[in-house]
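The lines below spell out each chain.
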Amino acid sequence: MASSSFIIGIIGNIISVLVFTSPIKTFSRVVKKKSTENYKVLPYITTLLSTCLWTFYGLLKPDGFLVLTVNGIGAVFQFIYVALFLIYAPADKKIKIANTVAILNVGLPGSVIAITLLAIHDNSTQLIFVGILCAGLTIAMYASPLSSMRTVIKTKSVEYMPFSLSFFLFLNAGIWCIYSVLIKDFFVGVPNAIGFVLGATQLILYTIYKNKSKMLVKSMDLTREESPTEFVKAAIEMRANDQEINLKNRSLNKGNSMPKQQVNRQYSMPKITKTLSFGPRELHSNCAPIDDVEVGEKHQP
């Protein structure tokens, strides 16, 4: 019969794979738009480094099969995400990202593996050395979305903090916390406990700013669409009234040869439009005096 730790570990594997696949929607958008927009590459770089070292930790640990499998799968997904960032990132950022990848995802893991295998020969010491590094990197992985959290607070928008990723990170950390208690693995337990707290914080932020983000977008839409619509509608109505008055004047002129007074049409559409742009002081200074109402020219019989 399978032990409880093995069952929890299998559940942890499944949830972790869901975590690794949750950014697929984000990267499908990146590929479609051919731009990384405001998405941060640091979480994916640190996660790739973390999964590589955890895979190595699983190889060193006698009963680390579940740690090995889940992180091996995760390393493959993170490699794909980082590669897409390198392809679709702005030209001025590609060199910086490539240098970061070379240092953190190639140089550092290679150095750790070389030191562990060549300089440390005791298995327990190897596990302690690699375990400390893995724990530290996992904490960095869970803390890296802090930049996204800061963006959410600043912009009051959750657009660049995907809910699915935050939720699965929270759930994943909780499951691996339980697993670490069952197998008594300190290096697995501590970083996932921190990740559980940070994941809960992200979900709280998402709950707070989700509705505010929708209200902000709705307000912007109303400002951009409704106000011009109302203005145009009023302008069209005024023009229609002007045309109706002109038609009445023409019909009256045909039936009457007497000279008629005409009012200077100072309230034409261009003048009305210009007046709408005046401030209170300009409007006062530009108001037409009463003398502007003049007697029109006499019509010949």
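Remember, predicted model here, so these are calculated numbers, not experimental data.

### Here we look at the overall build of the protein
Across its full length, the protein holds 11 helices and 0 strands. Its helices and strands taken in sequence order, the protein reads α-α-α-α-α-α-α-α-α-α-α from the N to the C terminus. In the protein, which comprises 301 residues, the proportion classed as buried is 35%. The long-range share in the protein, meaning contacts at least 24 apart out of those at least 6 apart in sequence, stands at 78%. Approximately 18,800 Å² of the protein is accessible, and the part contributed by carbon and sulfur atoms is 66%.

### Observations concerning the nonpolar core
Grouped together as the largest cluster of nonpolar side chains are 29 residues, with contacts concentrated most on L53, W54, Y57, V130, C134 and Y142. Those elements that provide at least two residues to this core are α1 (4-21), α3 (42-60), α4 (65-88), α6 (123-143), α8 (163-183) and α9 (186-255). Sequence-distant contacts of C134, that is, excluding residues within four places in its chain, are made with L53, W54 and Y57. Counting 16 residues, the second largest nonpolar core, distinct from the first, contains V30, Y39, L48 and A75.

### Quick word on empty space enclosed by the protein
Summed over the entire model, instances satisfying the criterion amount to 2 cavities of 30 Å³ or more. When its volume is computed, the largest cavity comes out at roughly 400 Å³. F20, T47, M141, Y142 and N172 are the residues nearest the centre of the largest cavity, which is lined by 25 residues in total. Sorting the residues of the lining of the largest cavity by element identifies α1, α3, α4, α6, α8 and α9 as the ones contributing at least two each.

### Overview of the packing of α1 against α4
Two measures define how a pair of helices packs: the angle their axes make with one another and the distance between the axes. Where α1 meets α4, the closest approach of the two axes is 10 Å, and the angle between their N-to-C directions is 0°. In terms of axis orientation, α1 runs roughly parallel to α4. Residues F6, G9, I10, N13, S16, V17, F20 and T21 of α1 form the contact with α4, whose participating residues are L66, T69, V70, I73, G74, F77, Q78 and Y81. Residues that form the contact of α1 with α4 fall into these classes: 9 nonpolar, 7 polar and no charged.

### Some remarks on the layout of surface pockets
For the largest pocket, the calculated volume is near 460 Å³. Lining the largest pocket are 20 residues, with N38, Y39, K40, V41 and K93 positioned closest to its centre. Among the elements that line the lining of the largest pocket, the one with the most residues is helix α5 (residues 91-119), at 4 residues. Split by residue class, the lining of the largest pocket holds 9 nonpolar, 6 polar and 5 charged.

### Re unusual backbone geometry
Excluding glycine, a negative phi dihedral is what most residues carry, and trans is how most peptide bonds are arranged. In the Ramachandran plot, E37 falls in the positive-phi region, its phi being about 50° despite a non-glycine side chain. As for its placement among the helices and strands, E37 is situated in the loop between α2 (24-33) and α3. Positive phi values are uncommon outside glycine, yet K184 reaches one of about 55°. Tracing the chain through its elements places K184 in the loop between α8 and α9.

### Some thoughts on the confidence of the model for the protein
The predicted model of the protein averages 76 in pLDDT, with 68% of residues at 70 or higher. At the level of individual helices and strands, the protein shows its lowest average pLDDT in helix α11 (residues 280-285), which scores 48, and its highest in α4, which scores 94. A low-confidence stretch, residues 260-267 stays under pLDDT 50, and its non-local contacts, those more than four residues away or across chains, total 17 contacts. Across residues 287-301, where pLDDT falls below 50, the model places 16 contacts with residues more than four positions away in sequence or in other chains.

### A closer look at the pattern of salt bridges
Taken as a whole and judged by the stated rule, the model has 4 salt bridges. Here R29 makes a salt bridge to E37, at a shortest N to O gap of 3.0 Å. Since its relative accessible area comes to 25%, R29 is described here as partly exposed.

### Brief notes about α3
The periodicity of an α-helix, 3.6 residues per turn, causes residues three or four places apart in sequence to face the same way. Here α3 contains 19 residues, and its C-alpha end-to-end distance of 27 Å stays within 8% of the 27 Å for a straight helix at 1.5 Å per residue. The buried fraction of α3 is high, at 16 of 19 residues.

Cut-offs applied
Residues numbered from 1 in each chain as written. Predicted model: local features only at pLDDT ≥ 70, side-chain atom pairs only at ≥ 80, totals over all residues. Heavy atoms only, no water. Helix = DSSP H or I, 4+ residues; strand = E, 2+ residues; numbered from the N terminus. Buried < 20%, exposed > 50% of the residue type's maximum accessible area, 1.4 Å probe, protein only. Contact = heavy atoms within 4.5 Å. Areas by Shrake-Rupley, 256 points an atom, 1.4 Å probe, with all protein chains shown as cover. Core = buried A, V, L, I, M, F, W, Y, C linked by side-chain atoms within 4.5 Å. 1 Å grid on protein atoms, 1.4 Å probe; cavity = no way out; pocket = protein on both sides within 12 Å on 5 of 7 lines; lining within 4 Å. Points joined across faces, edges and corners; volume = space filled by probe spheres on them. Axes fitted to C-alpha atoms, helices over the stretch in contact; angles between N-to-C directions. Parallel < 35°, antiparallel > 145°, perpendicular 65-115°, else oblique. Nonpolar A, V, L, I, M, F, W, Y, C, P; charged D, E, K, R; others polar. pLDDT = per-residue confidence, 0-100. Salt bridge = Lys/Arg side-chain N within 4 Å of Asp/Glu carboxyl O. Expected span 1.5 Å × (residues − 1).

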